[in-house]
Amino acid sequence: MRRPLLFWLTILLVSACGSASRDPTGLGDLGDGLKVLFVGNSLTYFNDLPQMVQVVGEAAGHEIAVRSVTRGGFALEDHWGSGEALEVIQAAPWDVVILQQGPSSLALNKIHLREWSVVFNEAIRAAGATPALFMVWPEASRPAAFDAVSDAYSQAAEAVDGILMPVGEAWRVAWEEDAALAFYGPDGFHPTELGSALGALVIFQQLFDESPVGLPSTMVPTTKGLETLTLPSHLTALLQDAAAKANAVYGRR
């Protein structure tokens, strides 16, 4: 069937507009503010820690875009092997790339964390970003391993001259004030929302060099679609103070 010329012109115009608006990276609009990428596993994606960090940042008056590449059980070596994390690192002008794997408290795992942080560091620096290490925690059944976890992540951060975000140490600081705080989930390893929220405060401070002390209990984001983050009012000051203290003693910028 013959079609009018106007019909074909319309088809071409719609097709061109669709091609022009397509996002080849899949990352969406990152805006003009701080751009942060998380590379980690379930300790990062539980409770959507990256989104929590963005909410805290926006509630504090900052413009920030956060994305993540996370896979359950992945170490940094696994992320490098899959290639996805490297592709995303190279796809956008990130300011900070935050690396995380398991506790890495055992000697061999500590070596792997440091070595693969160095490998990622080359790609991160080449892309114009700064590397950061998100220090996690051991299983609840191994509280004596906290020092080894802290040491492993500290060494990795030093090896890449990067930022150290001592979330596990913030948990310990908070427990000194209230040993009953529930940071571990039912499996004794993954964090509760409270544990992740404290982590978000630690990471926020390291990203913006701004203390979380004094932020409101209810933090409302400016980006449409993000959920409000609400801390228990009777614990807000304790959590904020724990984050600030951990960063002062263990953090690295």
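Structure's up top.
Predicted model only: the values in this text are computed from it and were never measured.

Caption draft 1: A look at the packing of helix H5 (residues 84-91) against helix H6 (residues 107-126). Direction vectors running N to C along H5 and H6 enclose 25°, while the axes themselves pass 9 Å from each other. Viewed along their axes, H5 and H6 adopt a mutual orientation that is roughly parallel. Note on packing geometry: the crossing formed by H5 with H6 is right-handed. Across the interface between the two elements, Ala85, Leu86 and Ile89 from H5 touch Phe120, Ala123 and Ile124 from H6. Counted by class, the contact of H5 with H6 contains six nonpolar, no polar and no charged residues.

Caption draft 2: Representation of unusual backbone geometry. In this model, aspartate 48 sits at a positive phi of 55°, which is unusual for a non-glycine residue. Within the element layout of this structure, aspartate 48 appears in the loop between helix H2 (42-45) and helix H3 (49-59). Relative accessible area serves as the criterion here: at 37%, aspartate 48 is assigned to the partly exposed category. Non-glycine residue serine 104 carries a positive phi angle of around 55°. Among the structural elements, serine 104 can be located in the loop between strand S3 (96-99) and H6.

Caption draft 3: Just the sheet that holds S3, in detail. Strand order in the open sheet made by the five strands is S2-S1-S3-S4-S5, with parallel pairing throughout. Among the strands making up the open sheet, the edge pair consists of strand S2 (64-70) and strand S5 (163-166). Each strand of the sheet is rotated relative to its neighbour by a mean of 20°, with strand direction disregarded. The sheet contact formed by strand S4 (residues 130-135) and S5 spans four bridges and is parallel.

Caption draft 4: Layout of the environment of glutamine 90. By secondary structure assignment, the location of glutamine 90 is in helix H5. Given a relative accessible area of 56%, glutamine 90 falls into the exposed group. As a C-alpha pair, glutamine 90 and aspartate 48 span 42 residues in sequence and 23 Å in three-dimensional space.

Caption draft 5: Seen up close, the nonpolar core. In this structure, Trp137 and Leu207 are the most contacted members of the largest nonpolar core, which totals 76 residues. When residues in this core are grouped by element, the largest group, ten residues, is from helix H9 (residues 193-208). Non-local contacts of tryptophan 137, meaning those with residues more than four positions away in its chain, are made with Leu43, Pro103, Phe146, Val149, Val167, Gly168, Trp171, Tyr184, Phe189 and Pro191.

Caption draft 6: Layout of helix H7 (residues 146-159). The end-to-end C-alpha distance of H7, which contains 14 residues, comes to 20 Å, matching closely the 20 Å that a straight helix rising 1.5 Å per residue would cover. Among all positions of H7, only Phe146, Val149, Ser150, Ala152, Tyr153, Ser154, Ala156 and Ala157 are buried. Residues of H7 that are buried in the fold lie against H6, S4, S5, helix H8 (167-177) and helix H10 (236-250). Among the residues trailing H7, aspartate 161 stands out with phi positive, at a value near 50°.

The rules behind each value
Residues numbered from 1 in each chain as written. Predicted model: local features only at pLDDT ≥ 70, side-chain atom pairs only at ≥ 80, totals over all residues. Heavy atoms only, no water. Axes fitted to C-alpha atoms, helices over the stretch in contact; angles between N-to-C directions. Helix = DSSP H or I, 4+ residues; strand = E, 2+ residues; numbered from the N terminus. Parallel < 35°, antiparallel > 145°, perpendicular 65-115°, else oblique. Left-handed = near helix turned anticlockwise from the far one by under 90°. Contact = heavy atoms within 4.5 Å. Nonpolar A, V, L, I, M, F, W, Y, C, P; charged D, E, K, R; others polar. Buried < 20%, exposed > 50% of the residue type's maximum accessible area, 1.4 Å probe, protein only. Pairing = 2+ DSSP bridges. Core = buried A, V, L, I, M, F, W, Y, C linked by side-chain atoms within 4.5 Å. Expected span 1.5 Å × (residues − 1).

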